[in-house]
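Descriptive structure summary
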Amino acid sequence: MTSLYIHIPFCNRICTYCDFNKFLIKNQPVDEYLDCLVKELETIPAELDTVFIGGGTPTSLNDRQLERLLQFIQSHFRIAAEFSMEANPDELTASKIHLMKLYGVNRLSLGVQTFDDELLKLLGRTHQSVDIERAVDTAKSSGIQSVSIDLMYHLPTQTLDQVKIDLEKALELDIDHISSYSLILEPKTQFYNQYRKGMLQLPDATLAADMYRYTISRLAQSEFKQYEISNFAKPGHESLHNKVYWQNKEYYGAGAGSHGYIDGQRYYNIAPVPHYIKAMHQGDAVKEVHAVSREESMEEFMFLGLRLNEGVSKSIFSERYGVTIESIFGEVLQQLEAARQIVVAEDRIYMTEEGRMVGNDVFEKFLLSV
Ligand code: SF4
């Protein structure tokens, strides 16, 4: 069995920091897109462990469109474990939640980002802090088993006190999972252009590290346990779907700009909606296929797996590749252990908090081709 990611590339407004494959929904051929998406989904095996509908914003679909998609998923797939969907707090109406529950969605991921209304405005979000509690309450009272929120730090003008307030407000909610991401300035975003023109002040690296450290230590005192660099969950609420990526397992991707990893090959779908639709009418929307070499697979096994607090397993590495982890990465492991950035303990290798603070530097060390 495997997993499936489904991409809905529409949003009601474009956020100032966003570089995902998304388009303003107004005047988009949404119904035609869904026709093509269903056609693509029909080609994917029915037995799945997890499904994740992301975007864009899946809740930008109207009730009729959302029901059509969910109905198809329910009738075509058998989902053994987790069915997640992303939502924006202000778009999560009682009728949409009702549809999600009706068609088996059991995990909701809410794009909260911050509880500070000024910062939300700066981020270009459509919701306000008042929408967040209402969305969580609606989801929980409708019986959605697991509710997650995304938070962001390292935002323009943001102070450590604002990060602290966001965490306290999050902890007051009836939620099960928190993701906390640092803002990364991506080319082609409004923020990036403003930053280049000197119009955007970001917290410096020291303050950003303090924000991250504070998040880890505050959540460690709560019921939320860190299980990945940016993710914290109450017991039994870790994201099974995202763990598929971090454990370097295979999965399908469907929709414009989505990608999948099947039979040792990564494939990438065409991103612009009209091109995706045209390609699907002609057969399929795959733009590129990349056969992952054994070397690349080993690198990915290490730097994806080390993102998890449980780290990587030496025995699983040996089973997968027929060689010991030490025979491939022995020298790097010794260096990182001496620098206290990783710990090697019996079957497992995991990153220390010190390692996580410089995560990208640690991951780079596992590149075999450099
Ligand atoms: S709602 Fe999400 S996908 Fe849409 S623009 Fe904002 S961050 Fe990007």
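Quantities reported herein were computed from a predicted structural model and do not represent experimental measurements.

1. Description of the overall build of the protein
A tally of helices and strands in the protein yields 15 helices and 17 strands. By principal-axis analysis of the C-alpha atoms, the protein measures approximately 55 × 50 × 45 Å. When burial is assessed residue by residue, the protein has 52% of its 370 residues classed as buried. Intrachain contacts of the protein at a sequence separation of at least 6 include 69% that bridge at least 24 residues. Placing the 36 positive and 52 negative side-chain charges of the protein at their respective mean positions leaves the two points 3 Å apart.

2. What to know about the pairing of strand β13 (residues 265-269)
The sheet contact formed by strand β12 (residues 259-262) and β13 spans four bridges and is antiparallel. Opposite Tyr 261, over in β13, you have Arg 266 as the bridge partner. Two strands pair when backbone bridges link them, and β13 and strand β14 (residues 286-291) are joined in this way by five bridges, in the antiparallel orientation. Counted as the bridge partner of Tyr 268 is Glu 288 from β14.

3. Examining unusual backbone geometry
A cis amide bond, omega 25°, links Gly 55 with the succeeding residue Gly 56. Tracing the sequence through the fold places Gly 56 in the loop between β4 (47-55) and α2 (63-76). In the Ramachandran plot, Gln 113 falls in the positive-phi region, its phi being about 70° despite a non-glycine side chain. Inspection of the secondary structure puts Gln 113 in strand β6 (residues 107-113). Of note, Asp 263 is a non-glycine position whose phi angle comes to about 50°, a positive value. Residue placement: Asp 263 occurs in the loop between β12 and β13. Overall, Asp 263 belongs to the exposed group, its relative accessible area being 67%.

4. Quick word on the site of the ligand
Taken together, the neighbourhood of the ligand is formed by Cys 11, Arg 13, Ile 14, Cys 15, Tyr 17, Cys 18, Phe 20, Lys 22, Gly 56, Thr 57, Asn 88 and Arg 125. Tallied by class, the residues present in the shell around the ligand amount to six nonpolar, three polar and three charged.

5. Section: helix α8 (residues 205-220)
Between its first and last C-alpha atoms α8 spans 23 Å; for 16 residues at 1.5 Å apiece the expected length is 22 Å, and the two agree. Against the buried residues of α8 lie β7 (146-153), α6 (160-172), β8 (177-182), β9 (225-228), β10 (231-233) and α14 (353-357).

6. Description of the sheet that holds strand β15 (residues 312-313)
On the basis of which strands lie adjacent, the open sheet formed by three strands has the order β15-β17-β16 and antiparallel pairing. Because the sheet does not close on itself, it has two edges, and the strands there are β15 and β16 (342-345). Examined bridge by bridge, β15 and strand β17 (residues 348-351) share two bridges and lie antiparallel to one another. Bridged to Val 312 within β17 is Ile 349.

7. Structural notes on the side chain of Arg 356
Among the secondary structure elements, Arg 356 is positioned in helix α14. This buried residue, Arg 356, is left without a salt bridge; Glu 353 holds the nearest opposite charge, at 5.5 Å. Residues in contact with Arg 356, not counting those within four places in the same chain, are Tyr 212, Gln 226, Ile 229, Asn 309 and Met 351.

8. Things to note about the domain arrangement of the protein
The domain architecture assigned to the protein consists of domain 1 (2-245) and domain 2 (294-364). Of note, the centres of domain 1 and domain 2, computed from C-alpha atoms alone, are 29 Å apart. Tallying the contact residues gives 11 residues for domain 1 and 10 residues for domain 2. Both sides of the domain 1 and domain 2 interface together cover about 960 Å² of buried area, and 58% of this is carbon and sulfur. Per-residue buried area on domain 1 facing domain 2 is highest for Glu 228, Ile 229 and Lys 243; these three make up 44% of the total on that side. On the surface where domain 1 and domain 2 come into contact, there are two salt bridges. Put simply, Arg 307 and Glu 228 hold a salt bridge, and the shortest N to O gap is 2.5 Å. One can count six residue pairs in polar contact (both at pLDDT 80 or more) joining domain 1 with domain 2. At four residues, α8 tops the list of elements feeding residues into the side of domain 1 that touches domain 2. When its residues are assigned to classes, the side of domain 1 that touches domain 2 shows six nonpolar, two polar and three charged.

9. Details of the environment of Ile 97
Turning to its location among the elements, Ile 97 is positioned in helix α3 (residues 94-102). According to the relative accessible area criterion, Ile 97 is buried, its value standing at 0%. Considering only alpha carbons, one finds Ile 97 and Gly 359, 262 residues apart in sequence, at a separation of 37 Å. Every residue in contact with Ile 97, bar those within four places of it in the chain, is listed here: Leu 92, Leu 108, Thr 138, Ala 139, Ser 142 and Ile 144.

10. Comments concerning the packing of aromatic side chains
A full pass over the atoms with the stated rule returns 13 aromatic pairs. Pairing Phe 301 with Phe 317 gives two aromatic rings, centres 5.4 Å apart and planes at 75°, and the pair type is edge-to-face. Taken together, the residues span a long stretch of sequence, with Phe 301 in helix α11 (residues 294-305) and Phe 317 in helix α12 (residues 314-321) at a distance of 16 residues. Phe 317 carries the same exposure label as Phe 301, and that label is buried. Considering the side-chain rings of Phe 329 and Phe 366, the 5.2 Å spacing of their centres and the 70° angle between planes classify their relative orientation as edge-to-face. A residue pair is termed long-range when its members are at least 10 positions apart, and Phe 329 in helix α13 (residues 325-338) and Phe 366 in the segment after α15 (359-364) qualify at 37 residues. Residues Phe 329 and Phe 366 agree in their burial class; the two are buried. Here Arg 266 stacks its cationic end above the ring of Tyr 261, 3.9 Å away from the centre of that ring.

So, how was this worked out
Every chain is numbered independently, its residues counted from 1 as its sequence is written. Totals for whole chains, interfaces and linings use all residues, but because this is a predicted model, local features are given only for residues with pLDDT of at least 70 and pairs of side-chain atoms are given and counted only at 80 or more. Side-chain measures here rest on the full set of heavy atoms in the structure, leaving out hydrogens and waters. The numbering of helices and of strands both runs from the N terminus, where a helix is a DSSP run of H or I of at least 4 residues and a strand a run of E of at least 2. Relative accessibility thresholds used throughout: buried, under 20% of the residue-type maximum; exposed, over 50%; partly exposed, between the two (1.4 Å probe, protein chains only). Contacts were defined at the residue level, with two residues in contact if any of their heavy atoms lie within 4.5 Å. By the counting scheme adopted, Arg and Lys are positive, Glu and Asp are negative, and His together with the chain ends is not counted. Every charge is mapped to an atom, namely NZ of Lys, CZ of Arg, CG of Asp or CD of Glu. Strands pair, by our definition, only if DSSP identifies at least two bridges between them. Residue proximity to a molecule or strand is established when one non-hydrogen atom of the residue lies within 4 Å of it. When residues are sorted by character, Ala, Val, Leu, Ile, Met, Phe, Trp, Tyr, Cys and Pro go into the nonpolar class, Asp, Glu, Lys and Arg into the charged class, and all the rest, Gly among them, into the polar class. Given the number of residues in a helix, its expected span is that number minus one, multiplied by 1.5 Å. When a carboxyl oxygen of Asp or Glu is within 4 Å of a side-chain nitrogen of Lys or Arg, the pair counts as a salt bridge. The split into domains, and so the bounds of each, comes from an automatic or database assignment of domains. The buried area of a pairing is the accessible area, by a 1.4 Å probe, that goes missing from both parts when the two are put together, added over both. Think of a polar contact as two N or O atoms within 3.5 Å of one another; within protein, one of them needs to be a possible hydrogen donor and the other a possible acceptor, and neighboring residues in sequence only count if both atoms come from side chains. Aromatic rings from Phe, Tyr and Trp, with only the six-membered ring used for Trp, were paired whenever their centres fell within 6.5 Å, and each pair was classed as stacked if the ring planes differed by under 30 degrees, edge-to-face if by over 60, and tilted otherwise. Charge-over-ring contacts are defined here by two conditions on Lys NZ or Arg CZ: a distance within 6 Å of the ring centre and an angle within 35 degrees of the ring normal.

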